[in-house]
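# Fold and contact review
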Amino acid sequence: MNADAFSDLTLAIVCAVLGWIAGRPRAAWTGGLMILGIASAFGVLRFSEVPGMLGPHKFMSTFSACVSFTLFAIALRWPMSPTATRMTAAGRFIVLVGGFGVSAALTFAPWWAQALPGLSILLIVATMVQRRSLVGIAGALTLVAGFAVFAAVKPDVVLAGLFNKVQALHYLLAIGLILLSRVKLDNDL
Amino acid sequence: MNPLVYALPVFFGAIAIELWLVHRKNKMALYDLADAITSAHMGVFMLVVSVFVNFAVYNVVFDNFRFAEWPTDSVLMWVLALLFYDFCYYWVHRLGHEVSWVWASHIVHHSSEYYNLSTAMRQTASGKLVVWVFYLPMALAGVPPKMYLVVGLIDLLYQFWVHTELVGRLGWFDRIFVSPSNHRVHHGQNDYCIDKNYGGLLIIWDRMFGTFAEERAGEKIHYGVRKPLRSYNILWANLHYYVDLWNLSRTARGWRAKLGVWTAPPGGWTDAPIEHFDGGHFERFAPVVAPAMRYYAATQSVVLLIFAVHCIAVAGSLPLAQGLAYGGLMAVGYMSIGLLLQGTAWARTLELARVLGMGVALGAAGNWFGFDMPMVARAVGVLWALISAFHLMRPGVRASQGVAA
């Protein structure tokens, strides 16, 4: 297992554990983690050079980008809404928003897979500021940092002598999600 | 051309056989001419619309993101692909009932208050906009597009024969496959029938996911939807629930509530039991229209079918504006016949304008949407228009207009 696969494995494990702890009552949060976790699991296989995994990993990553972060935003901003609390509603959201999103991203609107998670993360930042949650703000900014590094850094650059940009994205996402999972949510904004 | 077009003779043949059996068994109440004609119109109109709606996303995902390509020379892989398709279909169909904006499309299929083979043809024109998303996992898994199309066709064609009241319970078959008995429950509006039996080919998906209900021997099933369509106008049938949702969302307060109208289940997010349905007070939609008008409508349907098949065959290769114009002509034709069947006051005027307009166009045009018309065809077209117009002007036919809303 190389370093890329290990970083994806770390993210997959974090998603699985956080999803397990949150469970069905936090449907949107768990659903988002599940999709991101599956994408990461495909990444583990891809970077471990299992044949035929490049396409599925790219697809699931795009799918995850089109749905997971929006679900996180819903879970954190409107934790009492049907999508946040009902597994059936979250499931439908995943199928419909994810399905149409990934289709748009793969055909006529490739920007969709960047714009939607970007806007979702900005919404998460705003939500955490409104909730005055320090741990939440830290988590949201960690997600922002993850995407900023992924967008800005060239593939061959080694950050802090340790990580390439893919690994940095995975680790920062994992840390951000752990921090956001600690936020207390008892009302919709 | 959509391969379903080739199945049309089989569909109409099967409907004719069912009608004959129904007549022999003295069960004519199972059929209504206007309802059956409307169902056939919807099926053909769906094929016309599908010419203009074509998504290539399946191919994009298959070409760029698949795991591994499934071999097409293995019978086992074909069987697996059929099961995979049927599994996806179960979820397409389930969400078709449980998400309002998807139900707005699928409600068309449930709008008939009769249950016979013609009901199977009552298909939504907007379905193709939605359903393809659910089959992307097949592309990702590596099911080749051709295999996907063929198993999809098998799954769809299988579902035709289950729309009948002539076949009773089938024992072990009912427990594994979607059967007439299982599917009758699906089309019912009795309390126990709501949101049950979504399977296409196999009923085991319903048993697995808790949506199975067995047909009850002592309880007559009333078909249709709780808020009846009460119209034979195929355009309204395809749009009425979208209009309802639009109106609801306009009155909802706040953008989340407005959006929620479209994304929630048709009854909203509630754990309360569904409102009780009283079958004793149920009355089918049955406008009184003179037999001469009904036979006129049936005859015009046959004529329009010929044009529709031509439209389906050529519209895709015509310039878009011409193709849309041809499709629009079909839509107006089907709407006009539907309005005649329901006795709408101004329907005869519309129909007169339609047949005379088509007669003039057929007579004057040397080329009918890509078809070079020989003189005899043009003459037949004009003759048909004149005979139709004279028939519409007959006193017996004129008297039938406006007798029912």
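Residues numbered from 1 in each chain as written. Chains lettered and ligands numbered in written order. Predicted model: local features only at pLDDT ≥ 70, side-chain atom pairs only at ≥ 80, totals over all residues. Heavy atoms only, no water.

## Focus: the interface of chain B and chain A
Note the cut-off: The contact criterion used is simple: two residues touch if any of their non-hydrogen atoms lie within 4.5 Å. What counts as buried area is the accessible surface, traced by a 1.4 Å probe, that two parts surrender upon association, with contributions from both included. By salt bridge we mean one thing: a side-chain nitrogen of Lys or Arg within 4 Å of a carboxyl oxygen of Asp or Glu.
Taken together, the contacts link 24 residues of chain B with 23 residues of chain A. Buried area between chain B and chain A, summed over both chains or domains, comes out near 2000 Å², and the portion from carbon and sulfur atoms is 76%. Among the residues chain B hides against chain A, the three largest losses belong to Phe65, Phe67 and Trp269 of chain B. Together they make up 33% of the total. The tally of links from chain B across to chain A stands at three salt bridges. For Arg256 of chain B, the salt bridge identified is with Asp188 of chain A, shortest N-O distance 3.6 Å.

## Some thoughts on the packing of helix α3 (residues 54–77) of chain A against helix α3 (residues 57–65) of chain B
Defined as follows: Here an axis means a line fitted to C-alpha atoms, over the contact stretch when the element is a helix, while the angle between two N-to-C directions is reported on a 0 to 180 degree scale. Segments assigned H or I by DSSP are reported as helices when at least four residues long, segments assigned E as strands when at least two residues long, and all are numbered from the N terminus. In these notes the angle categories are as follows: under 35 degrees is roughly parallel, over 145 is roughly antiparallel, 65 to 115 is roughly perpendicular, and the rest is oblique. Gly is put with the polar residues, along with every residue not named as nonpolar or charged; the nonpolar set is Ala, Val, Leu, Ile, Met, Phe, Trp, Tyr, Cys and Pro, and the charged set is Asp, Glu, Lys and Arg.
Contact pair α3 of chain A / α3 of chain B: the axes reach a minimum separation of 8 Å and the direction vectors enclose 130°. One way to sum up the angle between α3 of chain A and α3 of chain B is to call them oblique. In this structure, α3 of chain A uses Gly55, Pro56, Lys58 and Phe59 of chain A to contact α3 of chain B, whose residues at the interface are Val61, Asn64 and Phe65 of chain B. Within the contact of α3 of chain A with α3 of chain B, the residues separate by chemical class into four nonpolar, two polar and one charged.

## Quick notes on the side chain of Arg122 of chain B
Residue and element names in this part refer to chain B. For clarity, the cut-off: The classification of residues rests on relative accessible area computed with a 1.4 Å probe and restricted to protein chains. Under 20% of the type maximum is buried, over 50% is exposed, and intermediate values are partly exposed.
Looking at where Arg122 falls in the secondary structure, it is placed in the loop between α6 (117–121) and α7 (136–141). The exposure class of Arg122 is buried, given its relative accessible area of 1%. Here Arg122 is in contact with Asp35, Thr38, Ser39, Met42, Val108, His109, Ser111, Ser112 and Leu229, once residues within four sequence places are set aside.

## Notes on helix α6 (residues 112–131) of chain A
All names here are of chain A. Defined as follows: A helix's residues, less one, multiplied by 1.5 Å, set its expected span.
The end-to-end C-alpha distance of α6 is 28 Å, a good match for the 28 Å that 20 residues give at a rise of 1.5 Å each. Of all the positions in α6, only Ala113, Leu116, Pro117, Ser120, Ile121, Ile124, Val125, Thr127, Met128 and Arg131 are classed as buried. Two residues or fewer past α6, Arg132 is found with a positive phi of approximately 50°.

## Observations concerning the packing of aromatic side chains
Basically, it comes down to this: Classification of ring pairs uses Phe, Tyr and Trp, with its six-membered ring standing for Trp, and accepts pairs whose centres are within 6.5 Å; under 30 degrees between planes counts as stacked, over 60 as edge-to-face, and the remaining range as tilted.
According to the stated counting rule, one finds 35 aromatic pairs over all chains in the structure shown. With a centroid separation of 5.2 Å and an interplanar angle of 80°, the aromatic rings of Phe69 of chain A and Phe147 of chain A are classed as edge-to-face. Of this pair, Phe69 of chain A sits in helix α3 while Phe147 of chain A sits in helix α7 (residues 134–152), placing them 78 residues apart in sequence. Residue class for Phe69 of chain A comes out buried when judged on its relative accessible area of 2%. Here the aromatic rings of Phe163 of chain A and Tyr171 of chain A are separated by 5.1 Å at their centres, their planes lie at 50°, and the arrangement is tilted. Judged by relative accessible area, Phe163 of chain A falls into the partly exposed class, the value being 30%. Aromatic rings pair up to connect Phe87, Tyr90, Trp91, Tyr198, Trp205 and Phe209 of chain B into one cluster.

## Examining a nonpolar patch on the surface
Residues and elements named next belong to chain B. The test is simple: Here the term patch refers to residues with relative accessible area over 30% and no salt bridge, with like charges joined within 9 Å and nonpolar side chains (Val, Leu, Ile, Met, Phe, Trp, Tyr) within 5 Å. Shrake-Rupley sampling with a 1.4 Å probe provides the accessible areas, and residues are treated as covered by the protein chains on show and by no other component.
On the surface, a nonpolar cluster with roughly 440 Å² of combined accessible area is contributed by Val75, Leu76, Val79, Leu80 and Leu83. With respect to the helices, strands and loops of the structure, Leu83 is situated in helix α4 (residues 75–98). Exposure remark for Leu83: the relative accessible area of 32% places this residue in the partly exposed category.

## Points about the domain arrangement of chain B
In many reports, interface size means the accessible area that the parts give up when they come together. Residues and elements named next belong to chain B. Cut-off, in case you're wondering: Each domain's limits were defined by an automated method or a database of domain assignments. Pairs of N or O atoms are called polar contacts if they sit within 3.5 Å, as long as, within protein, a hydrogen donor faces a hydrogen acceptor (for residues adjacent in sequence, only side-chain-to-side-chain pairs).
As assigned here, chain B comprises domain 1 (3–209) and domain 2 (291–399). Computed over C-alpha atoms only, the centres of domain 1 and domain 2 are separated by 30 Å. With 15 residues of domain 1 in contact, the opposing surface of domain 2 contributes 21 residues. Overall, the association of domain 1 and domain 2 removes approximately 1400 Å² of surface from exposure, summing both partners, and the carbon and sulfur fraction of that is 85%. The interface formed by domain 1 and domain 2 includes one salt bridge. Across the salt bridge formed by Arg294 and Asp32, the nearest N and O atoms sit 3.4 Å from each other. Applying the counting rule to domain 1 against domain 2 returns two residue pairs in polar contact (both at pLDDT 80 or more). Among the secondary structure elements, those contributing two or more residues to the side of domain 1 that touches domain 2 are α1 (4–24) and α2 (33–50). The greatest single-element share of the side of domain 1 that touches domain 2, amounting to nine residues, is contributed by α2. Taken together, the residues of the side of domain 1 that touches domain 2 sort by class into twelve nonpolar, two polar and one charged.

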